[in-house]
Amino acid sequence: MLNYFVQTGKVDLMRWSQPTAVGLLLPGWLVACTAGSGFVQLDLVGVVFALAALAGLYTLFRALSLPTTLSFLLVLSIFCFNEITFVTPTFMTDMPFLAYCIWWLVLTQRILRSTEGVNALDALLWCTLLILALLTRSTGLMALPALMAAAVLCSNKRKQLLTLTGLFILSWVISAGVARMLTINPLSFLQTTALKEIFQLHDFARFNLRAGAIATLSVIFAASPVLVAVSGDRKWRLLQFLCAAVCAVAAIYFSYKGLFQPLEGWLRPVAVVFVALGAFHLPPVFAEALRNNRSLSIILLVFMALGLAVLPIMAHPLVRHVIPAMVSLIALTAIANKWRVKSAQIIFVLSSLLLITNVLKLQQIRMVDYAGLNIAQRLIERGFRPDQIDAGWAWFCHESLKPGVNEPQSYVERYGSWQRQAKFAVGSKLETSTEARELIRLPVTNFAFKDVVVLALKQFSN
């Protein structure tokens, strides 16, 4: 997409579920023109935007009157979410969208705190960041009902919130116009979701409630080092125990099914415990946040809830799509600002353990991917065509997706055809037929993690 954008000035989404990626391609264009468009250069885009997101989050926490040390620890705690660790060193929309959203929240807080209305410069920066966010991911639209809910429920800030709502609609129109001007083969709203399959074709299996449940558990687990440091009033005890029980049962079920495994091996039950502990502290965090900063808390609560709620109807639902929801939850704990004695030590110890685990898991994932792609490249050198090799999603994207062509088939359908027609299968978790014959088994180990990359010959292919 980036190379095509650099050459033509147009964006071809290639029937991708992500409705627009202009907000990512613009900084990518700057990097490509100055340093080249290799993977190393482009992965730095994710790192730079991650640093920008951290700086914005720290600025927000300091504006909420948190001490310097605690603000720093809360900022680093977002990397307890392994999805953030995985996508930071990548050229994808996750970190740019997060950075735009966080700085947009910083300006939102600044505007709402002001007693002199909406400053023109702040409004201009606010709209610019919002347009960039909407050009990066359409899920930024979920901030509109968040602003509207705050305007209804916060009479003392209603004037500013209504002004921001109007500016949001204007920014939305501008972003839609820019996207339409730059994009060829645009997608309709229904094509970016599973709503058509669910309501028109009655394919209710596309309503992926499981994905939404697992993402919610993952967010609570990732925020648990911060949540367990929060103190709460006893009047919320019944609701706290109910939240903890529901989330614990869900975590046990999905962990047993092998679908929720943020920790490996004998540590998996520990994840269930921390999900329950994190859920236990949610009610007092929400109540205290609403008491301290009602308008910003409503915006964060609604944005977080919608981020989790829309995941089951996305055309391509992934846990990493709820990264903004996890950051919103951390921000709500900062607004609540009600900590146990020596809470910083609790956050530091638990966050450090998760950070180390996530970094090791990231290294293992990269080693496994490298081993699989290396085997696939060896097959190419022996004279086999790329379409004869099923080496996973990244291989398919790199070898098959070509911008500038109005391809009638969606990328999901094409990927299925690619897998069925391939002669060889390469990967750590192969779903080959019983007739497939294993040719190579390559062990990949990194500290406590052990994986195997397999090359198999699909006997049914000619």
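All values derive from a computational prediction rather than experimental measurement.

Rules used throughout
Residues numbered from 1 in each chain as written. Predicted model: local features only at pLDDT ≥ 70, side-chain atom pairs only at ≥ 80, totals over all residues. Heavy atoms only, no water. Helix = DSSP H or I, 4+ residues; strand = E, 2+ residues; numbered from the N terminus. Rg over C-alpha atoms; globule rule 2.2 N^0.38 Å. Buried < 20%, exposed > 50% of the residue type's maximum accessible area, 1.4 Å probe, protein only. Contact = heavy atoms within 4.5 Å. Pairing = 2+ DSSP bridges. Axes fitted to C-alpha atoms, helices over the stretch in contact; angles between N-to-C directions. Parallel < 35°, antiparallel > 145°, perpendicular 65-115°, else oblique. Nonpolar A, V, L, I, M, F, W, Y, C, P; charged D, E, K, R; others polar. Salt bridge = Lys/Arg side-chain N within 4 Å of Asp/Glu carboxyl O. Arc of directions from axis to C-beta. Phe/Tyr/Trp six-rings, centres within 6.5 Å; stacked < 30°, edge-to-face > 60°. Core = buried A, V, L, I, M, F, W, Y, C linked by side-chain atoms within 4.5 Å. Disulfide = S-S within 2.5 Å. Expected span 1.5 Å × (residues − 1).

1. Section: the overall build of the protein
Here comes step 1: Helices and strands together make up the secondary structure of the protein, namely 19 helices and six strands.
Here comes step 2: The C-alpha radius of gyration of the protein comes to 23 Å, within 12% of the 23 Å expected for a compact globule of 462 residues.
Here comes step 3: When the backbone C-alpha atoms are referred to their principal axes, the protein occupies close to 70 × 55 × 50 Å.
Here comes step 4: Within the protein, the fraction of its 462 residues that count as buried is 50%.
Here comes step 5: Taking contacts inside the protein between residues at least 6 apart in sequence as the whole, the part at least 24 apart equals 76%.

2. What about the pairing of strand β6 (residues 449–457)?
Here comes step 1: Where strand β4 (residues 424–427) lies against β6, four bridges are found, and the strand directions are antiparallel. The residue bridging Val426 from the neighbouring strand is Leu455, located in β6.

3. As for unusual backbone geometry
Here comes step 1: Positioned with a positive phi, Ser65 is a non-glycine residue whose angle comes to about 70°.
Here comes step 2: Its location among the elements puts Ser65 in the loop between α3 (39–63) and α4 (68–76).

4. Looking at the packing of helix α11 (residues 209–227) against helix α17 (residues 343–381)
Here comes step 1: Where α11 contacts α17, the axes come no closer than 8 Å and their chain directions differ by 150°. By the angle between their axes, α11 is roughly antiparallel relative to α17. Residues Phe221, Pro225 and Val226 of α11 lie in contact with α17, whose contacting residues are Ile346, Ile347, Leu350, Ser351 and Leu354.
Here comes step 2: Split by residue class, the contact of α11 with α17 holds seven nonpolar, one polar and no charged.

5. Looking at the pattern of salt bridges
Here comes step 1: Taken as a whole and assessed by the stated rule, the structure comprises seven salt bridges.
Here comes step 2: The shortest N-O distance in the salt bridge between Asp94 and Arg320 comes to 2.6 Å. Here Asp94 is found in helix α6 (residues 94–113), whereas its partner Arg320 is found in the loop between α15 (294–309) and α16 (323–336), with 226 residues between them in sequence. A single burial state applies to Asp94 and to Arg320, both of which are buried.

6. Quick word on helix α8 (residues 143–153)
Here comes step 1: Those residues of α8 that sit buried are Ala143, Leu144, Ala146, Leu147, Ala150 and Ala151. In an axial view of α8, the angular spread of the buried residues amounts to 165°, which keeps them on one side of the axis.
Here comes step 2: Of the surrounding elements, those touching the buried residues of α8 are α6, α7 (120–136), α9 (158–182) and α15.

7. Here we look at the sheet that holds β6
Here comes step 1: If you trace the four strands from one edge of the open sheet to the other, you get β3-β4-β6-β5, paired in mixed fashion. Edge positions in the open sheet fall to β3 (389–390) and β5 (437–446), since each of these has one partner strand only.
Here comes step 2: Relative to β6, α17 is tilted by about 20°, and along the sheet it contacts β3, β4, β5 and β6.

8. A few points about the packing of aromatic side chains
Any aromatic ring pair is given by two values, namely how distant the centres are and how the planes are angled relative to each other.
Here comes step 1: For the structure shown, the criterion picks out nine aromatic pairs.
Here comes step 2: Taking the centre distance of 5.5 Å and the plane angle of 75° together, the rings of Phe49 and Tyr100 count as edge-to-face. Remark: Tyr100 occurs in helix α6 and Phe49 occurs in helix α3; sequence separation between them is 51 residues. Assigned by exposure class, Phe49 and Tyr100 land together as buried.
Here comes step 3: Ring centres 5.2 Å apart and planes at 65° place the aromatic pair Phe241 and Phe280 in the edge-to-face group. Of the two residues, Phe241 is situated in helix α12 (residues 237–256) and Phe280 in helix α13 (residues 268–280); the sequence distance between them amounts to 39 residues.
Here comes step 4: Note on Phe241: relative accessible area 51%, which makes it exposed.

9. Some points on the environment of Leu277
Here comes step 1: Among the structural elements, Leu277 can be located in helix α13.
Here comes step 2: Judged by relative accessible area, which is 34%, Leu277 ranks as partly exposed.
Here comes step 3: For the pair Leu277 and Ala244, spaced 33 residues apart in the sequence, the C-alpha separation amounts to 6.6 Å.

10. Let's talk about the nonpolar core
Here comes step 1: Core analysis: the largest hydrophobic core is formed by 117 residues, its most contacted members being Phe61, Leu74, Ile84, Trp104 and Trp126.
Here comes step 2: Per-element accounting of this core gives the leading share, 13 residues, to α6.
Here comes step 3: Ignoring anything within four residues of it in the chain, the contact list for Phe61 reads Leu66, Ser71, Leu74, Val75, Ile330, Ala331 and Ala334.
Here comes step 4: Core analysis: the next-biggest nonpolar cluster, separate from the first, contains 21 residues, Trp395, Phe396, Trp418 and Val426 among them.

11. A few points about the state of the cysteines
Here comes step 1: Enumeration over the complete set of coordinates arrives at zero disulfides.
Here comes step 2: We note that Cys154 lacks a disulfide partner, and the nearest cysteine sulfur, in Cys101, lies 20 Å from it.

12. Section: α12
Here comes step 1: With 20 residues, α12 should cover 28 Å at 1.5 Å per step; its first-to-last C-alpha distance of 28 Å lies within 8% of that length.
Here comes step 2: Listed as buried for α12 are Gln240, Ala244, Cys247, Ala248, Ala251, Phe254 and Ser255. Each buried residue of α12 sits inside an arc of 140° when the element is viewed along its axis, so together they form one side. Exposed residues on α12 whose side chains face more than 90 degrees from its buried face are Leu238, Phe241, Leu242, Val246, Val249 and Tyr256.
Here comes step 3: Buried residues in α12 make contact with α11, α13 and α14 (282–292).
Here comes step 4: Where α12 terminates, the next one or two residues include Gly258, which has phi positive at roughly 80°.

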